[in-house]
Structures are given as C-alpha cells and as structure tokens.
Amino acid sequence: MRSIFVGIFCMVLFLALVEDGHAQIRSKQIRKNNKRIANFKGQKAWFGKDKRYSYLGVSFNALNYFGDLAPLSKKASTDISFTRPGVGIFFGYRFGPRYTLRAAFTYGTIRGDDFESADLNNENARYRYVRNLHFRNRIKELTVTAMFDLFSNEMTYISRAQWTPYVFAGVTVFHHNPQAFVPENSTLPEAGTWVDLQPLGTEGQFADLLETDANHGIKPYKNIQIAIPFGFGVRFKLNQVLDFSLESGVRYLFTDYLDDVSASYVDPGVFDNDLARLMSDLSQVPNAPVSGDPRQTDNPNVQEIMGNTITVVGRDGNSYTKIAGFGYEAPGNVRGNKNEKDLYFVTSLKVAFIIGAQFRRAKFR
C-alpha cells in the first residue's frame, strides 16, 4: 500500500512540473506575441498578378527643335512657327502601384530656317540670317521609358486615381535624315528639290582635309542615333478602361548634326561636286561659280554685311566669291557651334485603352 501512495505522489509531482513548464512556455510565447503586436506597422500590400495590367494607345504629337539654326543661341530657344505634327503608338505594362514600363514608336518632322526665324534686330541673329542655312528632318524613334506616378494605386486598375502627375525617363533609338532645299536659281540638276545632306559631307566629312584644316578628323555622322528621353505628364481617367494624358518631353542627343550644322566652313575646293559645295555655304552671292539663294532685306545692317564680298582661291585653284565672314576664308571660320548638342522636344496628347486586366468587378443580383 505504501508503494502505491509513493507512486501516486511521484505522478502528481511530475504532472505539476510539466504543467509549470507549459505555463512558462506559454508565458514566454505571450510576451513574444505582445512584443510582435506592439512593433507591428502593417503588412505591405503585394501588387500581385491580379492587379497588374497592360494598355495600348495612340499619341498625337508636336515636335520642336533646338540647335544651330534656332533663333537665338539661348538654351531651349525655338521657333514655334516651325512646330510640326507627329503620330505614335505605344504599349505599357503596369507592374507596381506607381510604376509602369512603356515602349513607343513615334514618327514626326522637325525643321529650322535661318532666313525665316532670325531676328534682324539682334546682332547675333543677324549673322544667322545672312548664313541662310535651313533643314528639315524626319524622325522615326523607338523609345522605352520607365514611368513613376505621383499618386499610387495599391488596388486594381478599376480603383486607379482620377488623375495623377507622372515623370518618365528612358532610352531612345532614332533614325534621322537631314535634308535641304536646293535653290531654284542654282542652275544645278537638283534645283527645286530636297536633297539628303549626310552623303554630301557639307563640313568636309568625306573630303581629303589637311591637318591644318579646322574640321580635320571629323567623321561622317550616323543616321541612327541614341538619345535620352525625359519629361513629365498628367494622366486622367476617362472611364474604367480609358486614360487620357498630356505629356511633354525632351530628347537629349549625343549628336550635333540633327540640322547638318556643327563645326566650321571648309575650303570649297575640297568638294568633288557642285551640289556639296553649294549646300555647305548658302550665303553665296549672285554671279558666284555656283549661285545660291541670296537673301534681300531693307535692313541696312544686313545690306552692309551682304555687300561686303571677297574672293577666295580654293584648293582646286578656282576662285569663289564669298560674303566676308561667311564661307571659307581661313581655317576655323565658324559655321555652327560644336560645343553644344542638338535637342528636340515632343509634346503629346495620348489616349490609352487597358487590355489584359485579370480582375473583374463582382456582380450582385
């Protein structure tokens, strides 16, 4: 009987110890949970596949240019009258509450003309008027940009903000081809037509220049270039699946030949054809070996400049009549400003249609 009581006592003692251990474990767990609750700041919403969506759209664009043929040398100086239309298509993928990746193809034209945009009351612009260069350039670009919305949307496309500002930046690959109009009084077969300027090498890119020539070593520019696009916009929600955007962006270029103008005039005697010789210097005066399109004006300052002519002997041994300060007189006579790259601006109206959305609003009877 005594052994039975001892066994029961030991069992009770064991159960008491186990219960005490469990109580201590529960107490530690409770303190740990309380600490976790105290430090809890909310669970981050996961932007899952059910919230992501794609969209397709079209854009109607306005293109402007800044470069060596701008009205003034001040940054962003542009002639609004040369604004040209463009169109584009784009595809976007929204993968976060603020983030979208967009790819777009855009086609448009830019233009510049010394004669039409130069301010004759400005001494520097007066120089551009007499220089008399012009161009047009049809741009075809493929652009990929990352977009960041100011207002986030943690939910589906249905709950997106009624409007939100955004910024964007990315990379552009574009094809360009500057052209100029050959004066009708030039007596050349191409008179009255637009010609491609890159193959002519108007700054001596294809000529056999000497080391003493200012443009020696300048290589022909490429028609395919890379640019850095960046800008801002505002997007509006029209309905459940349609968005409308107003957007303005800049293309920062790595070329100064969007207008075929960058460095200095070259010796007219280095060109092997009259077309390249003419298009390199359109400030030429009447009765020159190849006549350009002389500009006439009632402004006395311009008349004085255009009346001051000189004769230069080219490397080919021929004599060429030039306006003093324009065309080739000595190495380094400036044609453009090679220290600043060209830019072009794209202002857009965009309409986007949401596709591929996986979420659907619940229907109630």
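These numbers come from a predicted model, not from an experiment.

Engineer: How should the overall build of the chain be read in this particular structure?
Structural biologist: Counting secondary structure elements, the chain contains five helices and 12 strands. Here the chain holds 365 residues, and 45% of them are scored as buried. Long-range pairs, those at least 24 residues apart, make up 73% of the contacts in the chain with a sequence separation of at least 6. Per element, the accessible surface of the chain, about 20100 Å² overall, is 60% carbon and sulfur.

Engineer: How should I be thinking about the pairing of strand β5 (residues 163–175) in this particular structure?
Structural biologist: The side chains of a regular strand alternate, residue by residue, between the two faces of the sheet. Pairing analysis gives 10 bridges linking strand β4 (residues 134–149) to β5, with the strands arranged antiparallel. Considered in β5, the bridge of T143 is made with T172. Sheet topology places β5 next to strand β8 (residues 224–237); 11 bridges connect them, and they run antiparallel. The residue bridging F168 from the neighbouring strand is G231, located in β8.

Engineer: Help me understand empty space enclosed by the protein, please; the structure alone is not making it clear to me.
Structural biologist: Tallied over the entire structure, the rule returns nine cavities of 30 Å³ or more. Considering only enclosed or pocket space, the largest cavity measures out at about 150 Å³ in volume. R102, A104, E247, R251 and K350 are, among the 19 residues lining the largest cavity, the residues nearest its centre. Within the residue set of the lining of the largest cavity, elements represented by two or more residues are β1 (53–66), β2 (84–94), β3 (99–113), β4, β9 (242–253) and β12 (343–355). The element that contributes the greatest number of residues to the lining of the largest cavity is β3, accounting for four residues. Its residues assigned to classes, the lining of the largest cavity shows six nonpolar, eight polar and five charged.

Engineer: Would you mind showing me how to read the environment of T164 here?
Structural biologist: Of note, T164 is situated in strand β5. Using a relative accessible area of 3% as the deciding quantity, one classes T164 as buried. Those residues in contact with T164 that sit more than four places away from it in its chain are D149, L150, F151, G233, V234 and R235.

Engineer: Whenever I open this one, the pattern of salt bridges confuses me. Can you help?
Structural biologist: Pairs may arise between side chains of opposite charge once their charged atoms sit close together. Per the stated rule, a full pass over the model turns up 14 salt bridges. R335 is the partner of E203 in a salt bridge, and the nearest nitrogen-oxygen pair spans 2.9 Å. Here E203, found in the loop between β7 (194–196) and β8, pairs with R335, found in the loop between β11 (319–323) and β12; they are 132 residues apart in sequence, far enough to count as distant. By the burial criterion, E203 is buried, and R335 matches it. Linked through salt bridges whose partners overlap, the residues forming this network are R94, D149, R160, R235 and D243.

Engineer: Honestly, the side chain of T143 in this entry has me stumped. Any pointers?
Structural biologist: Mapped onto the secondary structure, T143 falls in strand β4. Here the side chain of T143 touches E141 through a polar contact of 3.3 Å, side chain to side chain. Not counting residues within four places of it along the chain, the set of residues in contact with T143 comprises R102, A103, A104, V171, T172 and P229.

Engineer: Please explain the packing of aromatic side chains as it appears in this structure.
Structural biologist: Both the distance between ring centres and the angle between the ring planes are used here to describe each pair of aromatic rings. Summed over all chains, the structure comprises 12 aromatic pairs. Plain terms: the ring middles of Y55 and F90 are 6.2 Å apart, the flat faces sit at 75° to each other, and that makes the pair edge-to-face. Linking Y55 in strand β1 with F90 in strand β2, this pair joins segments that are 35 residues apart in sequence. Exposure remark for Y55: the relative accessible area of 10% places this residue in the buried category. Looking at F90, the relative accessible area reads 5%, which means it is buried. Seen in terms of ring centroids, F95 and Y99 are 6.2 Å apart; in terms of plane orientation they differ by 20°. Their pairing is stacked.

Engineer: Can you help me understand unusual backbone geometry in this one?
Structural biologist: A negative phi angle characterises most non-glycine residues, just as the trans form characterises most peptide bonds. Of note, the phi angle at N132 is positive, near 65°, even though the residue is not glycine. Relative to the assigned elements, N132 resides in the loop between α3 (123–131) and β4. Residue classification places N132 among the buried positions, given a relative accessible area of 2%. Even without a glycine there, the phi angle at D260 is positive, about 65°. Relative to the helices and strands, D260 resides in the loop between β9 and α4 (274–280). On the accessibility criterion, D260 (2% relative accessible area) is buried.

Engineer: Help me out: how do you make sense of the packing of α3 against helix α5 (residues 300–307) in this one?
Structural biologist: Geometrically, a packed helix pair is captured by the angle between its two axes and the distance between the axes. With their axes 11 Å apart at the nearest point, α3 and α5 run at an angle of 50° to one another. Judged by the inter-axis angle, α3 sits oblique to α5. Here α3 and α5 pass one another in a crossing that is right-handed. Residues R126, Y129 and V130 of α3 form the contact with α5, whose own contacting residues are N301, V302, I305 and M306. Across the contact of α3 with α5, the residue classes break down as five nonpolar, one polar and one charged.

Engineer: Looking at this model, I keep getting lost on the pairing of β4. Mind explaining?
Structural biologist: Note: β3 against β4, 15 bridges, orientation antiparallel. Among the inter-strand pairings, A104 is bridged to a residue of β4, identified as T143.

Conventions used here
- Residues numbered from 1 in each chain as written.
- Predicted model: local features only at pLDDT ≥ 70, side-chain atom pairs only at ≥ 80, totals over all residues.
- Heavy atoms only, no water.
- Helix = DSSP H or I, 4+ residues; strand = E, 2+ residues; numbered from the N terminus.
- Buried < 20%, exposed > 50% of the residue type's maximum accessible area, 1.4 Å probe, protein only.
- Contact = heavy atoms within 4.5 Å.
- Areas by Shrake-Rupley, 256 points an atom, 1.4 Å probe, with all protein chains shown as cover.
- Pairing = 2+ DSSP bridges.
- 1 Å grid on protein atoms, 1.4 Å probe; cavity = no way out; pocket = protein on both sides within 12 Å on 5 of 7 lines; lining within 4 Å.
- Points joined across faces, edges and corners; volume = space filled by probe spheres on them.
- Nonpolar A, V, L, I, M, F, W, Y, C, P; charged D, E, K, R; others polar.
- Salt bridge = Lys/Arg side-chain N within 4 Å of Asp/Glu carboxyl O.
- Polar contact = N/O pair within 3.5 Å; in protein donor to acceptor, adjacent residues only side chain to side chain.
- Phe/Tyr/Trp six-rings, centres within 6.5 Å; stacked < 30°, edge-to-face > 60°.
- Axes fitted to C-alpha atoms, helices over the stretch in contact; angles between N-to-C directions.
- Parallel < 35°, antiparallel > 145°, perpendicular 65-115°, else oblique.
- Left-handed = near helix turned anticlockwise from the far one by under 90°.

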